[in-house]
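Spelled out, the chains give:
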Amino acid sequence: MIRAWAAHEKAGSFSEISYDPGEIRADEVEIAVEACGLCHSDLSLLDEEWGETPFPLVPGHEVVGTIRAVGKGVRHLKIGQRVGVGWLARSCLTCNTCMSGDHNLCAAAQGIAVGRFGGFGEAVRVQAAWAVPLPEGLDARAAGPLFCGGITVFAPIVAFNVKPTDRVGVIGIGGLGHLALQFLNAWGCEVTAFTSTGAKAEEAKKFGAHRIVDSRSKDALKAEAGRYDFILSTVAVPLDWKRYIAALAPKGRLHTVGAVSEPLEIPAFSLIGGQKSVSGSPVGSPAVMAQMLEFCARHQINPQVEYMPMSQIDDAFQRLRDGKPRYRIVLENDFA
């Protein structure tokens with residue numbers, strides 16, 4: 001039996017449950033959870049922002065822990081090895097998408113906390129291909145948020161061949177944005193932080209921003225016209241997208257990883273004249289996750305986190321709902 005924290009209704013509180021995961025499958029590993037980051041996507045699931053959420057819900061998709069059981073077909077991982085898991089727990093491994101290295105885009109991919117029980121528990125089961133070993137030199141206690149927040153902003157840097165000479169803007173300095181600043185600075189880019197919160201300006205510079213632009217000021221945004229090769233939006237709210245398109249240099253790209261529910265209103269001619277692009281992406285593949293972890297270890301990149309015991313999960317969700325974390329909450333397993 002595995003103990004976990006589950007919500008039983010929309011926006012509900014959590015209570016302890018026990019569930020039987022059944023016999024471990026040949027291609028699976030069971031991970032003893034040490035800690036699990038709390039992401040806004042967990043709140044979106046709890047509040048049914050994306051449609052019907054299956055309850056009971058055990059969220060949690062930024063898991064770090066040690067392997068305590070392996071399926072008979074697993075050869076590359078061993079008991080006692082420290083690994084991390086993010087949003088996805090399984091893909092088919094045989095379709096053209098998987099075979100091309102884009103496992104995260106597999107049509108049959110399964111979320112770790114959607115239709116199964118996630119990481120806010122004492123253990124979790126996933127397909128072994130999605131359990132990524134942590135390299136030496138990485139702070140395992142803080143690493144959980146890298147497996148969702150981190151990979152979400154790292155993957156497009158790789159996918160769209162962002163160059164060290166590029167001028168890059170990051171919209172939103174929160175759980176994702178504070179990691180994007182660190183990645184892009186270490187990548188060698190000139191990095192600009194677009195933020196509506198003046199109090200975050202100095203922190204943004206510490207994370208790696210060379211420049212700060214007040215995203216509330218139309219004049220400030222207008223002055224950025226034609227500057228950027230790549231703008232990464234991490235926010236989940238509507239913006240004045242036309243001004244950000246105008247801020248792109250010819251052949252520039254506006255890329256969103258924020259799950260904005262409203263349509264993006266972008267006139268076609270704002271793209272055509274400068275051959276500009278608009279795109280979006282989910283998390284990355286296991287191979288890109290491993291690349292990100294090595295990059296973090298090499299450059300000493302860590303999420304800025306607040307630690308709470310997992311038994312205080314209701315308080316943690318409320319703190320996230322109130323927008324208080326700077327910049328990620330990590331819940332540490334305290335099952336007796």
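Residues numbered from 1 in each chain as written. Predicted model: local features only at pLDDT ≥ 70, side-chain atom pairs only at ≥ 80, totals over all residues. Heavy atoms only, no water.

Could you give me a rundown of the overall build of the protein, with the residues and numbers involved?
On a plain count of helices and strands, the protein comes out with 10 helices and 17 strands. Here the protein has a C-alpha radius of gyration of 20 Å; the compact-globule value for 336 residues is 20 Å, and the two agree. Along the three orthogonal principal directions, the C-alpha set of the protein runs to about 60 × 40 × 35 Å. Burial analysis of the protein (336 residues in total) assigns 52% to the buried set. Of the contacts formed within the protein by residues at least 6 apart in sequence, a portion of 66% connects residues at least 24 apart. Carbon and sulfur atoms make up 49% of the accessible area of the protein, which amounts to about 14,600 Å² in all. Averaging the coordinates of the 33 positive side-chain charges in the protein and doing the same for the 36 negative ones gives two points 7 Å apart. (Helix = DSSP H or I, 4+ residues; strand = E, 2+ residues; numbered from the N terminus. Rg over C-alpha atoms; globule rule 2.2 N^0.38 Å. Buried < 20%, exposed > 50% of the residue type's maximum accessible area, 1.4 Å probe, protein only. Contact = heavy atoms within 4.5 Å. Areas by Shrake-Rupley, 256 points an atom, 1.4 Å probe, with all protein chains shown as cover. Lys, Arg positive; Asp, Glu negative; His and termini not counted. Charge placed at Lys NZ, Arg CZ, Asp CG, Glu CD.)

Can you tell me about the pattern of salt bridges, naming the residues and giving the values?
Scanning the model with the defined rule gives 17 salt bridges in all. Glutamate 34 serves as the salt-bridge partner of arginine 82, at 3.2 Å between the closest nitrogen and oxygen. Here glutamate 34 lies in strand 3 (residues 28-38) and arginine 82 lies in strand 5 (residues 82-85), a separation of 48 residues in the sequence. Between glutamate 203 and arginine 326 there is a salt bridge; the shortest N-O distance is 2.5 Å. Of this pair, glutamate 203 sits in helix 5 (residues 201-207) while arginine 326 sits in the loop between helix 10 (313-321) and strand 17 (328-332), and the two are 123 residues apart along the sequence. The exposure class of arginine 326 is partly exposed, given its relative accessible area of 30%. One network of salt bridges, with partners in common, ties together Asp27, Glu28 and Arg90. (Salt bridge = Lys/Arg side-chain N within 4 Å of Asp/Glu carboxyl O.)

Please provide a residue-by-residue account of the sheet that holds strand 10 (residues 167-171), values included.
The strands making up a sheet associate through backbone hydrogen bonding, with each pair oriented either parallel or antiparallel. Strand order in this open sheet of six strands is 12-11-10-13-14-15, and the pairing throughout is parallel. Edge positions in the open sheet fall to strand 12 (211-214) and strand 15 (277-280), since each of these has one partner strand only. Strand-to-strand twist in this sheet, taken as the mean axis angle between neighbours without regard to direction, amounts to 20°. Pairing between strand 11 (residues 190-195) and strand 12: four bridges, direction parallel. Note that in strand 12 the partner of threonine 195 across the bridge is aspartate 214. Against the sheet, helix 4 (residues 177-187) engages strand 10, strand 11 and strand 13 (228-233), with an angle of about 170° to strand 10. (Pairing = 2+ DSSP bridges. Axes fitted to C-alpha atoms, helices over the stretch in contact; angles between N-to-C directions.)

Got a sec to walk through the pairing of strand 11? Specific residues and values, please.
Here strand 11 lies mainly inside the structure; five of its six residues are buried. Sheet analysis places strand 10 next to strand 11, joined by five bridges and oriented parallel. The residue bridging arginine 167 from the neighbouring strand is glutamate 190, located in strand 11. Between the parallel elements strand 10 and strand 11, the chain passes through helix 4 in a crossover that is right-handed. After leaving strand 11, the chain enters helix 5 and then returns to the sheet as strand 12, a path that is right-handed. (Right-handed = clockwise from strand over helix to strand, strands pointing away.)

Would you mind going over the side chain of glutamate 30 in detail, with residue names and values included?
Locating glutamate 30 in the fold gives a position in strand 3. Classification of glutamate 30 by relative accessible area gives buried; the value is 9%. Among the polar contacts listed, one links the side chain of glutamate 30 to the side chain of arginine 125, at a separation of 2.6 Å. Residue contacts for glutamate 30: discarding those within four places in its chain leaves Ile2, Pro21, Ile24, Thr66, Ile67, Arg68, Ala69, Ala123, Val124 and Arg125. (Polar contact = N/O pair within 3.5 Å; in protein donor to acceptor, adjacent residues only side chain to side chain.)

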